[in-house]
Structures are given as C-alpha cells and as structure tokens.
Amino acid sequence: MAAPPDMEPSPALSLELLPTDPLLLILSFLDYRDLVSCCYLNRRLNQLSSHDPLWKRHCKKYWLISDEEKSRRNQGWRAIFISTYSDLGRYIHYYATLKKAWDDLEQYLGQWCPRMIGSLKESVREEDLDAVEAQIHCKLPDDYRCSFRIHNGQKLVVPGLMGSMALSNHYRSEDLLDIDTAAGGFQQRLGLKQCLPLTFCIHTGLSQYMALESVEGRNKYEIFYQCPDQMARNPSAIVMFITGTSYLEWFTSYVNKVVTGGYPIIRDQIFRYVHDKDCVATTEDITVSVSTSFLPELSSVHPPHYFFTYRIRIEMSKDALPENACQLESRYWRITNAKGDVEEVQGPGVVGEFPVISPGKVYEYTSCTTFSTTSGYMEGYYTFHCLYNKDRFFNVTIPRFHMVCPTFKVSTA
C-alpha cells in the first residue's frame, strides 16, 4: 500500500544518531565476548565498547580485581581485563571460583593455623605446567592447572593442608602436592594407570589420586583413595574410595568445609571430623555431641572392613550449680551394623580415664570402631556419680550417630 502523497518518508534510524547514555546502558549488560564483538561492528560501537567503566564488572566477576588492586596497578579496567585474559584466559570459567577458595582458605588459616601459611608455595607459570604434561604424556585438566597458577600446592611438611587425623597409634596428615612432586609420583602401573597423586602423607604413604584418563573402570578426572583388593590374585586390583568428581569440586568443597567451621581445629591442625548438628543430646546439665570420620588407609572392601573414628565432646553448662560437679564412672554402647546385627559393650571409664565434669568444663576424647558393612551406628549412655553426693548415680545419653563409608568402585581387574 503506497504512502499518501502528502506524507514524507521518515529518515532511516542511524546508530550515530542514538544518544550515548542509553547505548552504554545496553552494553553494560553484555558479557565480555559480546562486548569484544561490538568492537568490530562499526566505529561508534568500537568507541563505546572501549568505555573503561564497562569493563569493571568483568574484572570483578572473572578476575576478582578490587578497586584497591586497580589503583595499585595504575591501569584502566579494560587494560587490566585484557592483560589478565592474555595470561589466564583459558581458565576464565574456573579462576574466580578457585581464587576465592584460596583467598578464603588463606584468611582462615591466618587466623586459626598461621604456621600452615608458610608452607604454601607461590604460583607456577604456564610453561611449567606444559612441561609437566610433556613429561607425563597426559593433559592436565584446566581447573587443576588454574589452581596451580594461584598456589603451587605446599611443601612436604606437617601439618598438611588437606587435613589430619590422629588416634593413639595412628597419625595421618595430608599435604597438597606441588606440581613437580605430583609429576614424580605419576602412575603408569596396572591398577593405577595414568593416575596423578594430589596429596601425600609422609607418615602413612597415603595419597589421593586423580585419574587423567578413563581407564581401568575409572572416570576421567575422578579423585579417589586407592584400596588394594586383598582377596584378589591380581595385585593390580585396586578399589577406589571416591572423594571427588573433578578437581574444582574436590578442592572447593573441602575449603568450604574448612572455612565454615565444618572441621575442627585441634593443635593448629585441620582435623577431618564431620559433625552432624542433630547429633547432640542433653541430659540435665550435660551435653554430649559426636563427630565422625572414615579412615580409608585402615579400611578394605575385600575383605569387608570399614574403619571409623569418632570424637566425643562432653560439656557441663556454665550455668550449672557447683554442687552438680560429677565424675564419669562407666560407659554403655549399643553398636548396630547395616544388617541389623547388634553388639553391646560396657566397661569402666572412657579410653582408660574417669573425667570430672564441672560447670563450664569440657572433656573430649577420640575412639574408633569397625564394621563389616559399609555403614552402621552407635548409641548408648555414660553413667556418672555426683562428687557432692556419692550415692547419686545417673545416666547421660549418648546420641545415635551414623557412620557411612564413602562411595567406592570395585576394581575391574
């Protein structure tokens, strides 16, 4: 349909005629890739896309660059983004998550485990990681590489960054290996073919490994503790206690557990006891809480032998009356495995001690148990007698606490 003769056609809308501020607002919603693409469309968009404040959001989102660091660098946001991308661009989907995890961990360690800070190593270069790949003839996952561009693991010292565990005759403390030590422990033998160690305990020889290829029944980049099959004729038969599906998930979930107080700090070390917040029982003025841990180095799937340790905290309220002070006399346990088999244990004291509990005082101890099934639970009570009334005895409930073996894969050998 033709336009009426008295109407002039409207001029074509030109990008050059649009005001700057609305265009900048629109560009502020674009991701960095789209912002770069705009630079190649025309001169006007090229000028607008170079507007420095547009790059502030991307610097903060992907590289965690603060205003203070920008001032320190004495560069614009766009220049900072470009220079950082030229160095770390392949890790752009991992860097912010891993950098935040490392920053949170360092801040937490500085407050609670300051001597561990000194064991952390500086970052490595891209060429160092490339050299390791050439040495082991395997590609390293980008999330692993990215973490080592921030920190190159730690020195082989005690305590280890990846947590400790201590019993009366057993001690474990896992270091996060630096890249060269990890490469030196790269495995090509049957049972651990193409597996790279991530951690190492100098006391037990225990390591967590990452599978760099999908071989021998493992998924690529799966992380696990090895467990030899003691009943197999083939010594290469290795069962896996799985601890992570990728390096990013494995490392960040561990750090989150640490910095949120999920693991207790004992003697300036991170102890990997897990506490269920519902696993608390109060009787009169005394509260009992329990945390547990699975020990893969003392466990096996074939034959079935699953080793757990538990840490018990007994505390009397600080508001209790002084005459309520009491002493632990004996313990009773009811232990049930996954098949419903029940074992009852009764005896004097705990770990050879008869602790006295008074208002505001805490007593903690560690013990252990084993199951022939992958899970089980314990519950029971302590019997106390009052110090100011020798004839009064009473029972304090120990809440039921469950112990569950982590997911594992049986060897295909």
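Keep in mind it's a predicted model, so treat the numbers as computed, not measured.

**Student:** Quick one: what's the story with the overall build of the protein chain, residue by residue and with numbers?
**Tutor:** The secondary structure content of the protein chain amounts to 12 helices and 20 strands. What you see for the protein chain is a C-alpha radius of gyration of 29 Å, clearly larger than the 22 Å of a compact globule of 413 residues, by over 25%. Principal-axis analysis of the C-alpha atoms gives the protein chain an extent of 110 × 60 × 55 Å. Each of the 413 residues in the protein chain was classed as buried or not, and the buried ones make up 46%. Sequence-distant contacts in the protein chain: of pairs separated by 6 or more residues, those separated by 24 or more amount to 61%. With an accessible surface of roughly 21000 Å², the protein chain has 51% of that area assigned to carbon and sulfur atoms. Between the centroid of the 42 positive side chains of the protein chain and the centroid of its 48 negative side chains there is a distance of 3 Å.

**Student:** Give me the environment of tyrosine 382: which residues, what numbers.
**Tutor:** Considering the arrangement of structural elements, one finds tyrosine 382 in strand E18 (residues 375–386). A C-alpha to C-alpha distance of 5.8 Å links tyrosine 382 and serine 330, two positions 52 residues apart in sequence. Of the polar contacts made by the side chain of tyrosine 382, one reaches the side chain of tyrosine 365; its length is 2.5 Å.

**Student:** Describe the pattern of salt bridges, with residues and values.
**Tutor:** Pairing between side chains of opposite charge can happen when the charged atoms of each approach one another. Within the structure shown, the criterion is met by 27 salt bridges. As a salt-bridge pair, lysine 99 and aspartate 103 come within 2.9 Å of each other at their nearest N and O atoms. Of this pair, lysine 99 and aspartate 103 both sit in helix H7 (residues 95–112), 4 residues apart, which is roughly one turn of the helix. Classification of aspartate 103 as partly exposed rests on a relative accessible area of 32%. In this structure, the salt-bridge partner of arginine 313 is glutamate 315, at a minimum N-O distance of 3.4 Å. A relative accessible area of 30% means that arginine 313 is categorised as partly exposed. Exposure remark for glutamate 315: the relative accessible area of 30% places this residue in the partly exposed category.

**Student:** Explain the UniProt feature "domain: ApaG" (unreviewed entry) in the protein chain to me, using residue names and the numbers behind them.
**Tutor:** UniProt marks residues 280–410 with the feature "domain: ApaG" (unreviewed entry), using the numbering shown here. Secondary structure content for residues 280–410 is 0% helix and 62% strand, while the C-alpha to C-alpha distance between its ends is 35 Å.

**Student:** An account of the packing of aromatic side chains is needed here, citing residue identities and associated values.
**Tutor:** Pairs of aromatic rings are described using the distance from one ring centre to the other and the angle between the two planes. Applying the stated criterion to the full structure yields 29 aromatic pairs. Consider the rings of tryptophan 63 and phenylalanine 81, whose centres lie 6.0 Å apart with planes at 50°: the pair is tilted. Of this pair, tryptophan 63 sits in helix H4 (residues 56–63) while phenylalanine 81 sits in helix H6 (residues 77–88), and the two are 18 residues apart along the sequence. When its relative accessible area of 3% is taken as the criterion, phenylalanine 81 is described as buried. Centroid distance phenylalanine 271 to tyrosine 273: 6.5 Å. Interplanar angle 5°. Geometry classified as stacked. According to the relative accessible area criterion, tyrosine 273 is buried, its value standing at 1%. Cluster of aromatic residues (ring-pair linked, three or more members): Tyr32, Trp55, Tyr62, Trp63, Phe81, Tyr85 and Tyr95.

**Student:** Describe the sheet that holds strand E17 (residues 362–371), with residues and values.
**Tutor:** Spatially, E11-E12-E13-E17 is the arrangement adopted by the 4 strands of the open sheet, whose pairing is antiparallel. The sheet is open, and its two borders are formed by strand E11 (274–283) and E17, each paired with just one other strand. Adjacent strand axes in the sheet meet at a mean angle of 20°, parallel and antiparallel pairs treated alike. Pairing of strand E13 (residues 306–316) with E17 involves 10 bridges; the strand directions are antiparallel. Bridge pairing in E17 links phenylalanine 307 to threonine 370.

**Student:** Tell me about a nonpolar patch on the surface, and name the residues and values.
**Tutor:** Among the surface-exposed residues, Leu156, Val158 and Ile202 lie close enough to one another that they form a single nonpolar patch of about 240 Å² accessible area. Turning to its location among the elements, isoleucine 202 is positioned in the loop between strand E5 (199–200) and strand E6 (208–211).

**Student:** Give a description of the sheet that holds strand E20 (residues 408–409) that names residues and reports values.
**Tutor:** Note: strands within a sheet are paired through backbone hydrogen bonds, in either parallel or antiparallel orientation. Pairing within the open sheet is antiparallel, and its 5 strands lie in the order E4-E6-E7-E8-E20. Because the sheet does not close on itself, it has two edges, and the strands there are strand E4 (195–197) and E20. Here 3 bridges tie E6 to strand E7 (residues 223–228), and the two strands are oriented antiparallel to one another. What sits directly across from methionine 210, in E7, is isoleucine 223.

**Student:** Account for H7, naming residues and giving values.
**Tutor:** Taking 1.5 Å per residue, 18 residues should reach 26 Å; H7 reaches 25 Å between its end C-alpha atoms and fits that length. Those residues of H7 not exposed but buried are Tyr95, Ala96, Leu98, Ala101, Trp102, Leu105, Tyr108 and Leu109.

**Student:** Could you give me a rundown of the pairing of E18, with the residues and numbers involved?
**Tutor:** The element E18 is largely enclosed, with a buried count of 9 among its 12 residues. Pairing analysis gives 11 bridges linking strand E14 (residues 326–337) to E18, with the strands arranged antiparallel. Bridging across to E18, glutamine 327 finds its partner in histidine 385. In this structure, E18 lies alongside strand E19 (residues 393–404), joined through 10 bridges in antiparallel fashion. Its bridge partner lying in E19, tyrosine 381 is registered against threonine 397. As consecutive antiparallel partners, E18 and E19 are separated by 6 residues.

**Student:** Describe the nonpolar core, naming the residues involved and giving the relevant values.
**Tutor:** Counting 61 residues, the largest nonpolar core has Leu140, Tyr144, Leu161, Tyr247 and Phe251 as the members making the most contacts within it. In terms of residues, this core owes the most to one element, H7, which gives 7 residues. Counting the residues that make up this core, at least three belong to each of domain 1 (18–90) and domain 2 (96–260). When sequence neighbours within four positions are dropped, the list of residues in contact with tyrosine 144 reads Ile179, Ala182, Leu196, Leu198, Met210 and Tyr247. Val288, Phe308, Tyr363 and Met403 belong to the second largest nonpolar core, which has 38 residues in total.

What counts, and at which threshold
- Residues numbered from 1 in each chain as written.
- Predicted model: local features only at pLDDT ≥ 70, side-chain atom pairs only at ≥ 80, totals over all residues.
- Heavy atoms only, no water.
- Helix = DSSP H or I, 4+ residues; strand = E, 2+ residues; numbered from the N terminus.
- Rg over C-alpha atoms; globule rule 2.2 N^0.38 Å.
- Buried < 20%, exposed > 50% of the residue type's maximum accessible area, 1.4 Å probe, protein only.
- Contact = heavy atoms within 4.5 Å.
- Areas by Shrake-Rupley, 256 points an atom, 1.4 Å probe, with all protein chains shown as cover.
- Lys, Arg positive; Asp, Glu negative; His and termini not counted.
- Charge placed at Lys NZ, Arg CZ, Asp CG, Glu CD.
- Polar contact = N/O pair within 3.5 Å; in protein donor to acceptor, adjacent residues only side chain to side chain.
- Salt bridge = Lys/Arg side-chain N within 4 Å of Asp/Glu carboxyl O.
- UniProt positions renumbered as here; feature names shortened; annotations may be inferred.
- Phe/Tyr/Trp six-rings, centres within 6.5 Å; stacked < 30°, edge-to-face > 60°.
- Pairing = 2+ DSSP bridges.
- Axes fitted to C-alpha atoms, helices over the stretch in contact; angles between N-to-C directions.
- Patch = residues over 30% accessible without salt bridge, like charges linked within 9 Å, V, L, I, M, F, W, Y side chains within 5 Å.
- Expected span 1.5 Å × (residues − 1).
- Core = buried A, V, L, I, M, F, W, Y, C linked by side-chain atoms within 4.5 Å.
- Domains from an automatic or database assignment.

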